[in-house]
Amino acid sequence: MLRATLKSLLARKLRLVLSGLAVVLGVMFVSGAFVLTDTLSRSFDSVFSDAYAETDVGISAKPKIETSEMEGEQIGAPFPAAALDQVRAVPGVAEATGIAAADGARVIGSNGKVLTSFGPPQLGSNWTGESDLVQLRQGQGPTADDQVVVNQAVAEAARIGVGDRIGVLTLQPKREFTVVGIFGYSGGRDSLGGAQEVAFTDRAAQELMLGEPGVFSQISVRAAAGVDPVALRDDVAAALGDGYVVRTGEQLSADASAGLKEGLGFFNNILLGFAGVALFVGIFLILNTFSIVVAQRTRELALLRAIGAGRRQVIGSVLVEAVVIGLVASVLGLAAGIGVGALLAYVFGQSAGGLQLAGLGVPAAAVISAFAVGLLVTVVAAVLPALRAARIPPVAAMQDVATPDRPLTRISAAGAVVAAAGGTLLALGLSGSAGDNTLWTVLGGVLLSFVGVALLTPLISRPVVSALGRLFSWSVPGKLGRLNSGRNPRRTAITAAALMVGIALVTGVTVILDSAKSSLTALAEDTIQAELVISGAQTGPRPPSFDPAVLRQAAEVPGVAMVAGLYGDRGVIGGEPTWVTATSDPAALREIYRATPTAGSIDSIGPDQLLVDSGTAKERGLSVGATLPVQLSRGDARTYTVSGIYAESELFGGFVVPAAATSDFAVPQPNQAYLKLVPGASVQQVLPRIEALLADSPEVSVADRAAFIDQQTGQFDQLLTMIQVLLALAILIAVLGIVNTLALSVLERTRELGLLRAIGLRRSQTMRMITVEAVVISVFGALLGVVVGTGLGAAVVRALREDGITELVLPWTQMGLFLVLAAVIGVIAAVVPAIRAARLNVLGAIAHE
C-alpha cells in the first residue's frame, strides 16, 4: 500500500508542487522570523560584549523611574563626582573612569537637517581618551568646551570633517562646536551597533547631557591583576552604599542585551502572527487540493478497496501523501526562510547605521517550527479528505464518474454554530469582559468567524457566483465559465475562502484605521482652537524639541494672541506610573483646548501645584486640596497639591504640572506649541515669522491646524501600508489556491474539454472559459472578504466608541479597488491552466479516463 501511494504521488508531480508551495511560503515566513531575530540578537550580544569589554565593574545610580525597553528610554540619574574618588579608594581597583553620557545628542548635518536614528542611540558623552576599543582616526580629543569629536558614522552621515563647525542639540538648545577629531572602533568599525556618538569635554558633557556640572552617569572600573570582578563588585557596592547599581561587565552586557531582546521578541511575535495568517490560508489550499484529488482518484481508491485494502489503509494512504508533501515543503521552506532571514537581517543592519552582523546561524526554534508547522498544516488539512476517501465503496470502481457533491445541510449548520461562537468571543473580547485574556479572546473570535463563514460559503456560492458570472455571459465561453465556477459549491467556496481571509483582514483594518483617522480629525478640528502648531516627527526614543525662548518670541509676533507650549515626561504620581504634561501658559492652554474647570481654577498653576482631569481624579479619588508625591525623570520626589480639576477630553488629559518642573523632565524643552491668532490676523503672514524663529530648532516646524492634523493622522496610513505588505503573502497563497484549483480542475475535466473542442470550441474560447471561471471565483472571494472585513471592522469601531472612535468610515474606494484587483488576480491565475487546457490533444482528451 505504501509503495502504491508513493508511486501515485510521484505520478502527479504537479499536484505535489502546487500543494506544497503554500506550505513552503508559510514555513519560510515562520523560520525566517526566527533566523532574523536570532541573527540580530547575536549581533547585539556582540556589540554589547565589545562595549563593556574594558569594564570589569560598572557603577550607575538607581534610576528615578524604572522603565522597560518597550515603555521607552531609561533615564539614568546622575551622581556626584565625589563617588569617583570613593571607588578609586576601594582595594583592587586599578583604574576608575567617570563617564557623563546619555542618549539625545542630535547632530545637525552640513545640509542643516538633524541626523535621524531609527533605533540606535544618539549618544553624547565625555571624551575619555583612546583605548583598545576606541581609536582616533583623525585629529585629537577635545580640550575646550566648544570642541567635540565624533565617530566615523556621524562624520559620514553629516558629511563633516575635522575643522568643521557643527550644531548639536542636547538638553539645551542648539550649540555650535568645532570638530577636532574623528574616531572609530577596533576591527575597522565606524560605529558600535549603528550608534551615533559625539564626545565633549567633561564639563560640557555634564552640562549638556546630564543637566548639571560636577556629576557623572556611570563609572567604569578596571580590576587590578588577579582581582575577581565579582568580589570587586561586592566591595565597591559596600563602599558606595544604597542608591547605586553595581554590576560586573558581564552583567552589564547581559542586561543591555536582555532589554533589546524584549523588543526583538515583540517584533518576532508580530511576524509569527502574520505567518499564522498565511498558514491558515494555506490550509484552505491544501484541503481543496486533497478534496479534488480524492474525487479524481475515486476509481483508483475503489479498486484498492475491491482488492482488499481496508479503510484504515486508505486513510493512511492519503495521510502519507500529506506527510511527504509536508516534509518536502518544510525542507524547502526552511531553506528559503534562512535566506529571507539573512536578507532581512542585512537590510536591518544597513538601516541601523551599519550594524556588524554575527555569522548566519539557524536556531533550533527555526528548524523545529519549520517541520512542526509544515507537517501539522498538511496533515490537518488532509484529514477530512482522507476520511472521505475511506468511505468510497468498492462498487465505485465500476463507475465512470467521481463522487457526487453532497447536500450542504450539515456543513451549513456547522458553519452557523462556529460563526455564532466566533461572534460571541468577539463580543466578549471587544466589550472588555474577557479581562486579561482580551487579546486571545478577540483573536479566537476572529479565527472562528473566518472558519464559520468558510463553512457557510458553499450555501451562497452557487447563487452569488451565478449572479457574478452573468457579467460574462454574453458569449459561449462566458456562459460555460459561469456554469463551471458554480458546478461544485464546496470547491468554489474553499478556493474563494482562502482569498476571503486576506481581503477581509485588510478591509477590516482599513475600516478601523480610516474610522480612527476620521474621528481624530473631526475631534481635533472641533477641539483645537489654534491656527498654528509647532511640532515635529519623532524618529527616536526622545521627542523633537525646540528652544523655550521661541515661546516668548512667538508671543511677541504681531497677530499672535496667545501661545501655549507643551512639555512631556514619564513620572510616578501617587505611586503609579503615568504621563505628565507641563505648559508654559495654563490659561492659554485652557482657551486653545476648550478645557472646562470642574473644580478649583485651571488658569494658573503655582510652584507646588498641579491640575488633573476629571476622569483621573474620579479614578484616584482626588479633589482640590489633595496632595500627591511626584517623581519625575530627574531630581528628587516632591509633594504637589491639586489646585484644579478640568473636564476630561479625548485629546488632552492627565496631570499638568507648572513649567518650573520641566527642569526635572527627561527633555526640559517644549515639544509642541499652539498659537492662537488675534481675530482677522492672516495665517500666511504670521507663519513665515514663526518659521524664522525656529531656524535653530531644525527638529520641528510650524504648520497650520489642517496640516498639523494631517501630519498626526498620517501615521495611520503608514501603519495600514505596513499591514497590507505583511498580509500580501496570505493573498499570494490564495492566488496559488486559485491556480491549483483550476489546474486540477482542468485535469479532472480532460475528457469534457476534449469533447468541447471536438464540437467546435476554439483554443481561444477555451482559454476565455477558464479565465472567466478564475475571475468569477476570485471576485467572489474578494466580495466575501470585503463584506466580512467590513463587518469585523464595524464591530471593532462600535466597541471603541467610548475611546473616541465615534465615526464609522467605509473605504468605498479601497473596497472597489479590491474587487478590481481580484479580477486581475483571476486573469493572472488563469494563465497557466488556460494554456494547458487549450493545448490538450482533442483525440487523446476524448479517450482519457
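In this text the structure is predicted, and so the values were computed from the model without any measurement.

### Details of the overall build of the chain
Step number 1: When you go through the chain residue by residue, the secondary structure sums to 23 helices and 24 strands.
Step number 2: Overall, the C-alpha framework of the chain stretches about 100 × 75 × 50 Å when taken along its three principal axes.
Step number 3: Look at the contacts in the chain between residues 6 or more apart in sequence, and 81% of them connect residues 24 or more apart.
Step number 4: Just so you have it, the chain exposes about 37000 Å², and 59% of that area is on carbon and sulfur atoms.
Step number 5: Taken as two groups, the 61 positive and 67 negative side-chain charges of the chain have centres that lie 22 Å from each other.

### A closer look at the side chain of Thr39
Step number 1: As for its position among the elements, Thr39 is in helix α2 (residues 13-51).
Step number 2: Judged by its relative accessible area of 3%, Thr39 falls in the buried class.
Step number 3: A distance of 2.8 Å separates the side chain of Thr39 from the backbone oxygen of Val35, its partner in a polar contact.
Step number 4: Ignoring anything within four residues of it in the chain, the contact list for Thr39 reads Ala345, Ala358 and Leu360.

### Topic: the packing of aromatic side chains
Step number 1: For the coordinates displayed, the defined rule picks out nine aromatic pairs.
Step number 2: Plain terms: the ring middles of Phe183 and Tyr185 are 5.8 Å apart, the flat faces sit at 75° to each other, and that makes the pair edge-to-face.
Step number 3: According to the relative accessible area criterion, Phe183 is buried, its value standing at 3%.
Step number 4: Seen from their ring centres, Tyr674 and Phe708 are 6.1 Å apart, and the 90° between their planes marks the pair as edge-to-face.

### Observations regarding the nonpolar core
Step number 1: Counting 100 residues, the largest nonpolar core has Phe284, Phe450, Met500, Val501, Ile733 and Ile770 as its most contacted members.
Step number 2: Beyond its immediate stretch of four places on either side in the chain, Ile733 contacts Ala22, Leu25, Gly26, Ala278, Val281, Gly282 and Leu285.
Step number 3: Core analysis: the next-biggest nonpolar cluster, separate from the first, contains 44 residues, Ile59, Val150, Phe177 and Leu232 among them.

### Quick notes on the environment of Ser217
Step number 1: Topologically, Ser217 is positioned in the loop between β12 (215-216) and β13 (218-223).
Step number 2: For Ser217 and Ser697, which are 480 residues apart along the polypeptide, the C-alpha to C-alpha distance reads 27 Å.
Step number 3: When near neighbours in sequence (up to four residues on either side) are disregarded, Ser217 contacts Ile59, Ser60, Ala61, Phe79, Ile99, Ala100, Ala101 and Leu210.

### Let's talk about a nonpolar patch on the surface
Step number 1: On the surface, Met767, Val831, Val832 and Ile835 cluster together to form a nonpolar patch covering roughly 300 Å² of accessible area.
Step number 2: If one sorts the elements of the nonpolar patch by residue count, helix α22 (residues 812-838) sits on top with three residues.
Step number 3: For Ile835, a relative accessible area of 30% translates into the label partly exposed.

### Section: the confidence of the model for the chain
Step number 1: Mean pLDDT over the chain stands at 84; residues scoring 70 or higher make up 92%.
Step number 2: The secondary-structure element of the chain with the lowest mean pLDDT is helix α1 (residues 2-10), recorded at 60, while strand β8 (residues 147-151) shows the highest, at 95.

### Remarks on the sheet that holds β13
Step number 1: Read from one edge of the open sheet, four strands run β3-β13-β1-β14, paired in antiparallel fashion. Strands with a single pairing partner mark the edges of an open sheet, and in this sheet they are β3 (93-99) and β14 (244-248). Averaged over neighbouring strand pairs, the angle between their axes works out to 20° when direction is ignored.
Step number 2: Direction of pairing for strand β1 (residues 57-61) relative to β14: antiparallel, over a ladder of five bridges. Bridge pairing in β14 places Gly58 opposite Arg247.
Step number 3: Sitting on the sheet, helix α6 (residues 229-240) is in contact with β1, β3, β13 and β14, with an inclination near 170° to β14.

### With respect to the environment of Arg836
Step number 1: Structurally, Arg836 is set in helix α22.
Step number 2: Owing to a relative accessible area of 39%, Arg836 belongs among the partly exposed residues under this scheme.
Step number 3: Between the alpha carbons of Arg836 and Pro670 there is a distance of 67 Å; along the sequence they are 166 residues apart.

### Describing the side chain of Ser43
Step number 1: Locating Ser43 in the fold gives a position in helix α2.
Step number 2: Among the residues examined, Ser43 registers a relative accessible area of 0% and is labelled buried.
Step number 3: Engagement of the side chain of Ser43 in a polar contact is seen with the backbone oxygen of Thr39, the distance being 2.7 Å.

### So, a negative patch on the surface
Step number 1: A contiguous patch of negative charge on the surface is contributed by Glu648, Glu650, Glu802 and Asp803.
Step number 2: Secondary-structure assignment places Glu650 in the loop between β21 (638-646) and β22 (655-657).

### A short note on unusual backbone geometry
Step number 1: At Arg159, a position not held by glycine, the phi torsion is positive, near 55°.
Step number 2: Residue position: Arg159 is located in the loop between α4 (152-158) and β9 (165-169).
Step number 3: Its identity as a non-glycine residue notwithstanding, Arg594 has a phi of 55°, on the positive side.
Step number 4: Within the secondary structure layout, Arg594 lies in the loop between α16 (586-593) and β18 (597-600).
Step number 5: Classification of Arg594 by relative accessible area gives partly exposed; the value is 48%.

### Some points on the packing of helix α11 (residues 409-430) against helix α12 (residues 438-469)
Step number 1: Following both chains from N to C, one finds α11 and α12 inclined at 155°, their axes separated by 7 Å at the closest point. For the element pair α11 / α12, the angle class is roughly antiparallel. Our pair here, α11 against α12, has a crossing hand that is left-handed.
Step number 2: Here the residues of the contact of α11 with α12 sort into 18 nonpolar, 11 polar and no charged.

### Some remarks on the environment of Ala420
Step number 1: Checked against the element boundaries, Ala420 lands in helix α11.
Step number 2: For Ala420, a relative accessible area of 44% puts it in the partly exposed group.
Step number 3: Spatially, the C-alpha atom of Ala420 lies 39 Å from that of Ser614, the residues being 194 residues apart in sequence.

### Some words on the pattern of salt bridges
Step number 1: Going through the model one piece at a time under the given rule, you end up with 18 salt bridges.
Step number 2: Residue Arg203 pairs with Asp145 through a salt bridge whose shortest N-O separation is 4.0 Å. Of this pair, Arg203 sits in helix α5 (residues 202-210) while Asp145 sits in the loop between β7 (134-139) and β8; the two residues are 58 residues apart in sequence, bridging distant segments of the chain.
Step number 3: One salt bridge connects Asp255 with Arg247, and the closest N-O pair in it is separated by 3.0 Å.
Step number 4: Several salt bridges converge on common partners, so that one network encompasses Asp145, Arg203 and Glu207.

### Structural notes on the packing of helix α21 (residues 763-799) against α22
Step number 1: Here α21 crosses α22 at 150°, and the two axes come no closer than 7 Å. Where α21 crosses over α22, the two elements pack in a sense that is right-handed.
Step number 2: For the contact of α21 with α22, the per-class residue count stands at 20 nonpolar, five polar and one charged.

Reading guide: rules and limits
Residues numbered from 1 in each chain as written. Predicted model: local features only at pLDDT ≥ 70, side-chain atom pairs only at ≥ 80, totals over all residues. Heavy atoms only, no water. Helix = DSSP H or I, 4+ residues; strand = E, 2+ residues; numbered from the N terminus. Contact = heavy atoms within 4.5 Å. Areas by Shrake-Rupley, 256 points an atom, 1.4 Å probe, with all protein chains shown as cover. Lys, Arg positive; Asp, Glu negative; His and termini not counted. Charge placed at Lys NZ, Arg CZ, Asp CG, Glu CD. Buried < 20%, exposed > 50% of the residue type's maximum accessible area, 1.4 Å probe, protein only. Polar contact = N/O pair within 3.5 Å; in protein donor to acceptor, adjacent residues only side chain to side chain. Phe/Tyr/Trp six-rings, centres within 6.5 Å; stacked < 30°, edge-to-face > 60°. Core = buried A, V, L, I, M, F, W, Y, C linked by side-chain atoms within 4.5 Å. Patch = residues over 30% accessible without salt bridge, like charges linked within 9 Å, V, L, I, M, F, W, Y side chains within 5 Å. Salt bridge = Lys/Arg side-chain N within 4 Å of Asp/Glu carboxyl O. pLDDT = per-residue confidence, 0-100. Pairing = 2+ DSSP bridges. Axes fitted to C-alpha atoms, helices over the stretch in contact; angles between N-to-C directions. Parallel < 35°, antiparallel > 145°, perpendicular 65-115°, else oblique. Left-handed = near helix turned anticlockwise from the far one by under 90°. Nonpolar A, V, L, I, M, F, W, Y, C, P; charged D, E, K, R; others polar.

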